Structure formats: C-alpha cells, structure tokens
Amino acid sequence: MAVDQATKKLYNERIGAHKLQISEHEKELSAYKKAMMSNKKLKPFFHLGNVAQQLMVVKLQMEMNEISEQMMQVKNNSFLDNARKNLYKIFSDLDAVVKGDVDEPIDFNRDELDKLGPFTPKQRLNLYRHMRKAVDKLVQAYGPNTKWIWSFPELYAKSANLGKNMIDFREVQSKRDPREEFFYDRKEMVQMVIDDLMDASNRYRDKYEISTKATGDLIMAIKLLEGLRRVAVVVKDDAMAAKAKTGIESYKTRIEAEKEEKKQPAKK
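Small disclaimer: the values here were computed from a predicted structure and weren't measured.

So what exactly am I meant to see when it comes to the nonpolar core here?
Here is a general trend for soluble globular proteins: nonpolar side chains tend to be buried in one another's company. If you look at the biggest cluster of nonpolar residues, it comprises 59 residues, and the most contacted ones within it are I90, L94, L138, M166 and L228. Among the elements of the structure, helix 2 (43-72), helix 3 (77-98), helix 5 (121-142), helix 6 (152-166), helix 7 (169-174), helix 8 (183-212), helix 9 (215-234) and helix 10 (238-263) are those that each provide at least two residues to this core. Setting aside residues no more than four positions away along its own chain, I90 makes contact with V51, Q54, L55, V58 and M131. Counting residues in hydrophobic clusters, the runner-up holds 9 residues, among them I15, V57, M71 and F79.

This is the structure in structure tokens:
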C-alpha cells in the first residue's frame with residue numbers, strides 16, 4: 001500500500017527526532033571514552049556508563065523500526081541491525097567489567113567484583129533486566145524469518161552468562177537474612193540467571209538439533225548447564241543442580257555417540 005506524502009513527512013520527522021537523541025547518547029559515550037583514559041580507577045564505572053547509554057541507543061533504534069512498521073508498513077532491518085551491533089558493544093563493555101568467561105568456577109572474577117562495591121545489587125538487577133528486555137525485543141522485532149535466527153542463542157547465552165558474572169555469590173551466601181538490604185534484589189537476580197542459563201542452553205540444543213548438527217553448539221549447551229549447576233550448588237537449589245547434571249550427562253552421551261558413529265565405516 002502506497003504511503004501518502006504527509007505520512008512520509010511525519011515519519012521523517014519522528015525518525016529525525018530519534019536520531020538526534022541517539023546523537024546525544026553518542027556524545028556521552030565519547031565523553032566516557034575520554035574519561036577512561038585519565039581515570040583508571042573509575043574505568044569499570046565508565047564502562048557501566050557506556051552500557052547505560054548503549055541500552056538507550058538500542059531502545060531508540062528498535063523504536064525507529066516500530067515507527068517504520070507502523071507508518072511505512074515495512075520492517076527496517078538496518079535499524080535492527082544497528083541495534084544488534086550495539087548489543088554486542090554492551091556485551092563487550094560488561095566483559096571489561098566482570099569478564100564474560102563461560103566455563104569458569106564461581107567467584108573466578110573476585111578482583112573485578114571487589115572493584116564494583118558502589119554498584120549495588122539493585123542496580124545490577126535493573127541493568128540485567130534492561131539488557132534481557134533488549135534481547136527479547138530485538139529477537140521479536142526480527143521475527144522468525146530472518147537470516148540472524150541461529151545467532152540468537154548467542155545473544156541469550158552472552159546476556160545470561162554476564163548476568164551470572166555480575167552476581168557477587170560471596171554476598172549471596174553470607175547475607176541470607178531477608179532483613180538485609182538488597183536481599184530480595186539478590187534473590188531475584190539469582191533466579192533470573194538460573195532461568196536464563198537454562199533457556200540459553202536449550203536454545204543451543206535446539207540450534208544443534210534443528211539446524212547445525214555442530215558439536216560445538218552442544219558443547220556450549222553443556223557449558224551453560226555447568227555454569228547453571230555451579231550457581232544452583234551455591235544457592236542450595238538441589239533440584240536444579242540435579243536437573244543441570246542430568247542435562248550435562250545426556251548431552252555428553254550424545255557427543256560420544258556421535259563420535260563413535262563417525263568412526264564407523266560408511267555403509268555401502
């Protein structure tokens with residue numbers, strides 16, 4: 001359906017307003033980059049400032065696609081692709097703050113966590129919520145018929161794993177009294193991360209089964225479950241720890257079976 005000139009004019013005005021807002025956030029990002037060079041002690045917090053600015057940019061870019069769909073009746077993949085690139089910048093900044101390693105023991109990043117004292121559990125929870133919401137909205141905006149569909153498990157895995165690495169499990173273990181400040185924020189974030197690690201692992205399993213048949217995808221599903229199991233053990237969620245262990249063993253069995261099958265001579 002053809003779009004009239006008045007609609008096109010209003011569309012360009014709304015997109016232009018969003019672009020101006022993005023430009024303001026980019027100025028803030030540039031300022032944080034300069035500040036990092038001069039104040040190494042506060043560098044982790046400048047990275048967190050980058051994350052907050054980039055989350056706003058991602059939100060605006062996805063809104064721009066919504067405006068395009070509503071007013072022009074067409075999905076604007078360039079807006080979504082830019083939002084996707086900025087999500088990876090968010091992951092990179094968080095990796096610089098808490099490390100993004102997947103298969104490391106709990107508390108492996110103690111040095112990084114010790115530097116983040118002023119970044120409260122409530123603030124960590126809010127950041128994680130916004131990051132996960134951005135991932136969900138981006139995936140929904142692309143829809144099922146996109147070339148990026150099998151890259152989405154990585155988005156969920158990276159966000160879940162960074163969420164896990166933001167949690168100070170030493171605090172979780174030592175501050176078990178509900179009267180403690182941030183008790184419920186810690187509890188909610190731990191539960192979100194547990195659910196999201198399981199979800200991300202399942203997405204990699206589905207990627208393996210439906211698309212790639214690549215052992216690497218099943219290995220990533222295992223690594224995510226191993227991270228989940230470590231969290232479950234720390235917070236004494238025995239049922240989840242057992243569920244994760246069962247999944248790990250099942251996937252490892254499948255990998256071994258696949259190896260054995262490849263060793264067999266081809267049937268004539």
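So much for the structure itself; the text now carries on.
In this structure, what is going on with the packing of helix 5 against helix 6? I would like to understand it.
Between two packed helices, the angle of one axis relative to the other and the distance separating the axes together describe the packing. One can describe the packing of helix 5 onto helix 6 by two numbers: an axis separation of 10 Å at closest approach and a directional angle of 175 degrees. In terms of their interaxial angle, helix 5 and helix 6 are classed as roughly antiparallel. Residue-level contacts link R124, L127, Y128, M131, R132, V135, D136, L138, V139 and Y142 of helix 5 to F152, L155, Y156, S159, A160, G163 and M166 of helix 6. When grouped by side-chain class, the residues that make up the contact of helix 5 with helix 6 number 12 nonpolar, 2 polar and 3 charged.

What's the story with the packing of aromatic side chains in this structure? I'm lost.
Between two aromatic rings, the relevant description is the distance of the centres plus the angle of the planes. Summed over the entire model, instances satisfying the criterion amount to 4 aromatic pairs. Here the aromatic rings of Y32 and F46 are separated by 6.1 Å at their centres, their planes lie at 40 degrees, and the arrangement is tilted. Residue Y32 is found in helix 1 (residues 5-38), and its partner F46 is found in helix 2; the two are separated by 14 residues along the sequence. Judged by relative accessible area, Y32 falls into the partly exposed class, the value being 22%. Judged by relative accessible area, F46 falls into the buried class, the value being 16%. One cation-aromatic arrangement involves K213 over Y208; the distance from NZ or CZ to the ring centre is 5.9 Å.

It is not clear to me how the packing of helix 5 against helix 8 should be interpreted in this structure. Could you clarify?
Close contact between helix 5 and helix 8 brings their axes to 9 Å; oriented N to C, the two are set at 30 degrees. One finds that helix 5 runs roughly parallel with respect to helix 8. Crossing of helix 5 against helix 8: the hand is left-handed. Two secondary-structure elements touch here, helix 5 through P121, K122, R124, L125, Y128, R129 and R132 and helix 8 through D185, R186, E188, M189, M192, V193 and D196. Counted by class, the contact of helix 5 with helix 8 contains 6 nonpolar, no polar and 8 charged residues.

Got a minute to help me understand the environment of A241 in this structure?
Relative to the helices and strands, A241 resides in helix 10. Using a relative accessible area of 12% as the deciding quantity, one classes A241 as buried. Along the sequence, A241 and R230 sit 11 residues apart, while their C-alpha atoms lie 7.6 Å from each other. Residues within four places of A241 in sequence aside, it is in contact with R229, A232 and V233.

Rules of the game
- Residues numbered from 1 in each chain as written.
- Predicted model: local features only at pLDDT ≥ 70, side-chain atom pairs only at ≥ 80, totals over all residues.
- Heavy atoms only, no water.
- Core = buried A, V, L, I, M, F, W, Y, C linked by side-chain atoms within 4.5 Å.
- Buried < 20%, exposed > 50% of the residue type's maximum accessible area, 1.4 Å probe, protein only.
- Helix = DSSP H or I, 4+ residues; strand = E, 2+ residues; numbered from the N terminus.
- Contact = heavy atoms within 4.5 Å.
- Axes fitted to C-alpha atoms, helices over the stretch in contact; angles between N-to-C directions.
- Parallel < 35°, antiparallel > 145°, perpendicular 65-115°, else oblique.
- Nonpolar A, V, L, I, M, F, W, Y, C, P; charged D, E, K, R; others polar.
- Phe/Tyr/Trp six-rings, centres within 6.5 Å; stacked < 30°, edge-to-face > 60°.
- Lys NZ or Arg CZ within 6 Å of the ring centre and 35° of its normal.
- Left-handed = near helix turned anticlockwise from the far one by under 90°.

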